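# Inside the fold
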Amino acid sequence: MFERRLRIVLTFPVLCLLAVILRLAQLQILHGEDYDQKADAALISPRQYLPPLRGAIKDRLGQVLVSDEPAIDVTVHYGALAMNDSYVLLLANRIRKKEPAWSSATPAEGLEEARRRIGEMWTTLQTLSGRSLKELRDQRDAVCQSVERLRDYLWSARRDKGFDDTKQKLRLREEEMFHPILRDISPEARTRIELELTRWPFVRIEPSVRRVWHDGSQPMCHILGQIGPISPERIANDPGRDDPLAAYRADDDAGISGVERVSEAMLRGQRGFEEKDLDKNLRTRQSPKDGLDVQLTIDLGLQSQVERILSEVVTAHPASTGASAVVLDVESREILAAVSVPTYDRTALREDYKRLRDDAKSQPLRFRAVQDRYQPGSIIKPVALLSAFANDLFTPETRVNCVGALIPGATKWHCWTHWRGMPGHGDMIAEEALQHSCNVYFYTLGQRVGAHRLTEFYRDFILGPADRLQPLAERGTQLIEESRGLIPLRDWLKEHRHRAFSDADGRNYAIGQGEIQITPLQAANMFATLASGVYRDPTLVANDGRPRPPVAFPKVSPQAWQIMRKGLYRCVNEEGGTAFKYAHMNELQICGKTGSAECVPRIIERRYTFNVPIGEGTTETRSIEAPTIEAAREWLGIPTSVACISREITRRWPEAETAKVESVGPDGAGAKIPTHAWFAGFAPYHQPRVAVAVIIEFGGGGGSTAGPAAKAIFEALLASPRGYLAAERMAGVSP
C-alpha cells in the first residue's frame, strides 16, 4: 500500500518534468526559428519604406517633359498627427523609461510632457520651413481626413457584406505609419530637424521624390495632367492592396488627370524598404523598382508653335474665349499636337488654382481638345455627302437648285448667301456644294437621307463602327477628360427630347447644327478618315501597346471618296471656295472645309442662393453673384454641406458690345453673336499625311478666322525638320 502511494507520488513530478522537457523541445526545436525571428524583430527599428522614382513622360522625340527627382520629406507618425490617446500614452511611457530625467515622473507628468513635445514639434517645423502654423495644420488635417475617409469607405463596404463591427474597431495600417508633413526640405532644415529626432521618436527624415516639370512644357499642361492625393475608392480597388510594397497608401500621390492618370500603371513604381537594428546597423534592404517611362506621340516643338498661333488669334478677336487645335498623322492616327488655349503655369497651379477655377469666361483648366463638345457646323458636310452616297440617295451628278432659301419666302432654312444679300448659288452638284458650302444643297440632302440614317452613319464615321471594334469605353485616348461627343440617335432623342425625328432634324444635322456635337480631336480624326477611307482610333501614348485596327466603309464606293475629296480640294484651292482666300497655299495642296457653328453665349456668372443654418431649427437665406459655386461658398463662408437652393444666370459672354462683328461668313452670317469658327482639313491632296482641326470659340467666320490659323499650322508642318510634309510627297498634281 505504502509502495503504491510512493510510486504515485514519485510519478507525478516525473510527469511534470517530462511535460516541461517536451514543451522546451517544442519551443526550441519546432518553433525555435519563429522565436528567434521574434527576438530579432524586437531589436529592429520599424521598417522604413523607400519610394520609387515615378516614370518620366517624354515627347515623341524623347525630350523629357516631366520627371521625378530625389527629395527629402519630414514625416510624422499618425498617432502624433491625430493625437491618438493610446499613442500619446505609449510615448509618455517611453519618455519615463528611456530618459533618466523623467524616470521618477508620474504618469500624468509623462502624458503632459508627451503632448508638449508634439506641440513643440509644430512650432519648430514652422520656424525651419517658413510655412505658417495654419498651413502645417492644414496638411495634418488633410492626412487625418484622408485616413478617416478610407476608414468610412472600408467600414461601409464591410457593413454591406454583413460585418457588424463598429467603425472604431476597424484598424488601418495607415494608423501605424509615418505620413509626410513637409515635402522636399532643404539640407539645412534636415540637419536641424535631425538634432531633435532623439526627443521626437514620432518624427522621421525619409527619402522621397518630387515631380518636376521641365522647361518648355507649359503648352503640354492639359495633356500631361496632374498628380494628387489618392482617393479611398482607388485604395480599396487597388489590385496590389495586399502587397505592402505595391499597395497605395492614404498619403500617396497618383495620377488624377491627363497622361499622369491614363498611364498610372506604367509610371507608378514599387517601394523598397530598409530594416535596421536599434543601433542603426542595416540588416535588410530591398531596393525600390522605379516606374516605366511613357513616350507620347506629341511633338513638343510643334505643340509650342500651334499654341503660339492660337494665342495670337484669340488675342486678335476680343469676343473669343479660347481655342483648340489637333494635328494627326493620317496613317497611324498618332496625335502630333493637341492644343488648348489658354494654357496655365503648372508650377504655380497651387497658388493660382482658385483664380483659374473662377475664370468662367476663358476656362483655362479645361482640356478643350478632347473635353469640350461643339456643334461642327459645315465641317460635317463631307460626311453627310458620303452618307447620301452610301445609301444610294444621291449621286455625284445629283443637282439641287439654290435660290437662297430651301422654301422661297420662308423665314428660315436660308443659305448663307441670303444673309450677305447675295443671290443663291444656282444649280449645285456634290463637288460644287462642298466648294461653296451651299446650305440649300445640304438641307435637301438631309431631308432626303433622313435624320435616322444620317446619325447612324455619323456614329460609325466619328466613333468607329461599333460592330467591328472593341467597346467604346476601351478605345480612344483613354484620357479621363475625353468626351465621346454627342450623336443624337433615335433612342437618345426620345429619351432626352421626348420626341421622334422630324424633317427639320435631317436638315440641321446635314449642316452640323442641332443636337450633334463633337470634340476637336474627333474633328481631326474625322478628316483623317476622309483622307484615308478608313476609321482608326487616335493614339496619344506611343508605347501603350493597345491595338488600333483600321476599319473600312464597304458601302462607300471609291468614286464617292474621290468626289468628296475633290470638293474639299476645290474649297481651298479654287476661286469661290469658302477657304480659298484664307487657307490656300501655292506650295501645298490642302483639302479642307470651313465651318461657322451657331452657339449660345457662355454663362460666366450666376446668383447662388443658400439656406444657411444659424441656430437650432432656423436658417437664413443668403445670396451672392459668383463665377462658380465654389467661389460663392468661399465668399459667403458656407461649407459644402449646405445645399444651394437656386442658381440664376446673371451674366453671359460675349456681351452685347463685344458681340458686334463685321461678318461671320458662311453658315453663321447674320448671327447676333459670333459663331464658333472651324477649319478642318488634310494635306497633301494626293497621299495625305496629316489632318488638322482648328476651332476658335466665338471667333466669327470659319474661313476668315480659323482658316488663317490652320494655314499657319500647315506652314509649320511644312517647315518642320521632322518631315511631316516631306517635299517629295507634298506636291501632287491638280485634279
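Residues numbered from 1 in each chain as written. Predicted model: local features only at pLDDT ≥ 70, side-chain atom pairs only at ≥ 80, totals over all residues. Heavy atoms only, no water.

### Observations concerning the overall build of the protein chain
This is how it is decided: Only DSSP runs of H or I with at least four residues qualify as helices, and only runs of E with at least two residues qualify as strands; both kinds are numbered from the N terminus onward. With a 1.4 Å probe rolled over the protein chains alone, any residue whose accessible area is under 20% of its type maximum counts as buried; one over 50% counts as exposed, and the rest are partly exposed. In these tables, accessible area is a Shrake-Rupley quantity obtained with a 1.4 Å probe, and a residue counts as shielded only by the protein chains included in the view.
The helix and strand tally for the protein chain stands at 27 helices and 22 strands. Here the protein chain holds 735 residues, and the buried ones make up 50% of them. When the accessible area of the protein chain is evaluated, it comes to approximately 35200 Å², of which 51% is carbon and sulfur surface.

### Describing the sheet that holds strand β22 (residues 690-696)
For the record, the criterion: Each pair of strands is called paired provided DSSP finds at least two bridges between the two strands. Fitted lines through C-alpha atoms give the axes, limited to the stretch in contact for helices. The angle between two N-to-C directions lies from 0 to 180 degrees.
Spatial ordering of the open sheet is given by β12-β11-β22-β21-β17, a layout of 5 strands whose pairing is antiparallel. Two strands close off the open sheet at either side, each with one partner strand: β12 (335-341) and β17 (591-597). Mean inter-strand twist for the sheet, computed between neighbouring axes without regard to direction, equals 5°. Here strand β11 (residues 323-329) runs beside β22; their pairing, made up of 7 bridges, is antiparallel.

### Quick look at the packing of aromatic side chains
Put simply, the test is: In this analysis, rings of Phe, Tyr and Trp, with Trp reduced to its six-membered ring, are considered paired at centre separations within 6.5 Å, and the interplanar angle assigns stacked below 30 degrees, edge-to-face beyond 60, and tilted for intermediate values.
Within the structure shown, the criterion is met by 11 aromatic pairs. With 5.2 Å between their ring centres and 65° between their planes, Tyr-441 and Phe-442 make a pair best called edge-to-face. Here Tyr-441 falls in the buried class, since its relative accessible area comes to 0%. Judged by its relative accessible area of 0%, Phe-442 is buried.

### Some remarks on the nonpolar core
This is how the line gets drawn: Definition of nonpolar core: a set of buried residues of the types Ala, Val, Leu, Ile, Met, Phe, Trp, Tyr and Cys, connected through side-chain atoms within 4.5 Å.
Membership of the largest hydrophobic core comes to 99 residues, with the highest contact counts inside it found for Leu-296, Leu-386, Tyr-441, Phe-442, Leu-445 and Tyr-458. Within the second largest apolar cluster, 39 residues are counted, among which are Leu-125, Leu-133, Val-147 and Ile-230.

### With respect to empty space enclosed by the protein
Convention followed: In the cavity and pocket records, a cavity denotes points on a 1 Å grid over the protein atoms alone where a 1.4 Å probe fits but cannot get out, a pocket denotes an open set with protein on both sides within 12 Å along at least 5 of 7 lines, and lining residues are residues with an atom within 4 Å of a point. Grid points are joined across faces, edges and corners, and a volume is the space filled by probe spheres set on the points.
Inspection of every chain in the model, using the stated rule, returns 1 cavity of 30 Å³ or more. There is about 110 Å³ of room inside the largest cavity. As for the largest cavity, its lining consists of 14 residues, of which Ile-462, Glu-482, Arg-484, Gln-522 and Tyr-535 are closest to the centre. Elements supplying a minimum of two residues to the lining of the largest cavity: α19 (451-463) and α22 (520-532). For the lining of the largest cavity, the leading source of residues is α22, giving 3 residues.

### Some points on the sheet that holds strand β18 (residues 602-615)
The 3 strands are arranged β19-β18-β20 in an open sheet whose pairing can be described as antiparallel. Single-partner strands in this sheet number two, and they are β19 (618-626) and β20 (644-653). Strand-to-strand, the axes of this sheet are offset by a mean angle of 20°, without reference to chain direction.

### With respect to the packing of α22 against helix α23 (residues 558-573)
Using the following cut-off: Note on terminology: angles under 35 degrees are roughly parallel, angles over 145 are roughly antiparallel, angles of 65 to 115 are roughly perpendicular, and the others are oblique. Contacts: residue pairs with any heavy atoms within 4.5 Å of one another.
Between α22 and α23, the shortest axis-to-axis distance is 9 Å and the interhelical angle comes to 120°. Between α22 and α23, the crossing angle belongs to the class labelled oblique. Facing Phe-527, Thr-529, Leu-530, Ala-531 and Ser-532 of α22, the residues of α23 in contact are Trp-561, Met-564, Arg-565 and Leu-568.

### Considerations on the pattern of salt bridges
Operational definition: Every case where a carboxyl oxygen of Asp or Glu lies within 4 Å of a side-chain nitrogen of Lys or Arg is listed as a salt bridge.
Applying the stated criterion across every chain, the model contains 45 salt bridges. A salt bridge links Glu-655 to Arg-651; its shortest N-O distance comes to 3.1 Å. Counted as one network, the salt bridges with shared partners bring together Glu-99, Glu-113, Arg-116, Arg-117, Glu-120 and Arg-199.

### A word on helix α13 (residues 349-357)
Stated precisely, the cut-off is as follows: It is the directions from the helix axis to the C-beta atoms whose arc is reported.
For α13, the set of buried residues is Leu-349, Leu-356 and Arg-357. One side of α13 carries all its buried residues, which in axial view fall inside an arc of 85°. For α13, the exposed residues lying more than 90 degrees away from the buried face are Glu-351 and Arg-355. Tucked into the core, α13 has its buried residues touching α25 (629-636).

### Regarding helix α5 (residues 107-129)
Applicable threshold: Given a helix with a known number of residues, its expected span is that number minus one, times 1.5 Å.
Taking 1.5 Å per residue, 23 residues should reach 33 Å; α5 reaches 33 Å between its end C-alpha atoms and fits that length. Buried residues of α5: Gly-110, Glu-113, Ala-114, Arg-117, Ile-118, Met-121, Trp-122, Leu-125 and Leu-128, and no others. Downstream of α5 by a residue or two, Gly-130 has a phi angle that is positive, lying close to 80°.

### Here's the deal with the confidence of the model for the protein chain
Inclusion rule: Known as pLDDT, the predictor's per-residue confidence is scaled from 0 to 100.
Looking at the protein chain, pLDDT values average 88 and 90% of them are 70 or higher. In this model residues 38-44 is a low-confidence stretch, pLDDT under 50, and it forms 10 contacts with partners more than four residues away in sequence or in other chains. Ignoring residues within four places in sequence, the model shows residues 661-671, a span with pLDDT below 50, making 32 contacts including any to other chains.

### What about the packing of α5 against helix α6 (residues 133-160)?
The condition is simple: Crossings are assigned a handedness: left-handed for a near helix turned anticlockwise from the far helix by less than a right angle, right-handed for a clockwise turn. In this classification, the charged set is Asp, Glu, Lys and Arg, the nonpolar set is Ala, Val, Leu, Ile, Met, Phe, Trp, Tyr, Cys and Pro, and all remaining amino acids, among them Gly, are polar.
Here α5 crosses α6 at 120°, and the two axes come no closer than 9 Å. The pairing of α5 with α6 is recorded here as oblique in orientation. As α5 packs across α6, the resulting crossing turns out to be right-handed. Across the interface between the two elements, Trp-122, Thr-123, Leu-125 and Gln-126 of α5 pack against Leu-133, Leu-136 and Arg-140 of α6. Tallied by class, the residues present in the contact of α5 with α6 amount to 4 nonpolar, 2 polar and 1 charged.

### Remarks on unusual backbone geometry
A cis geometry characterises the amide bond from Trp-653 onward to Pro-654, with omega recorded as 5°. One non-glycine residue, His-498, lies in positive phi territory at about 60°. A relative accessible area of 67% means that His-498 is categorised as exposed. Phi is positive for Gln-687, close to 55°, though the residue is something other than glycine. Mapped onto the secondary structure, Gln-687 falls in the loop between β21 (676-683) and β22.

### Describing the environment of Ala-693
Mapped onto the fold, Ala-693 is located in strand β22. Between the C-alpha atom of Ala-693 and that of Phe-527, which follows or precedes it by 166 residues, the distance is 8.0 Å. Setting aside residues up to four positions removed in sequence, Ala-693 forms contacts with Ser-324, Ala-325, Val-326, Pro-520, Ala-523, Ala-524, Phe-679 and Ala-680.

### With respect to the environment of Ala-500
Relative to the helices and strands, Ala-500 resides in the loop between α20 (490-497) and α21 (503-510). Put simply, Ala-500 and Ala-451 are 49 residues apart on the chain and 9.9 Å apart in space, counted from C-alpha to C-alpha. If sequence neighbours within four positions are ignored, Ala-500 has contacts with Leu-493 and Asp-505.

### Digging into the environment of Val-259
Within the secondary structure, Val-259 sits in helix α10 (residues 258-262). For the pair Val-259 and Val-294, spaced 35 residues apart in sequence, the C-alpha to C-alpha distance is 8.8 Å. Leave out the neighbours within four places in its chain, and Val-259 touches Ile-57, Ile-223, Leu-224, Gly-225, Glu-264, Leu-267, Val-294, Leu-296, Leu-479 and Leu-540.

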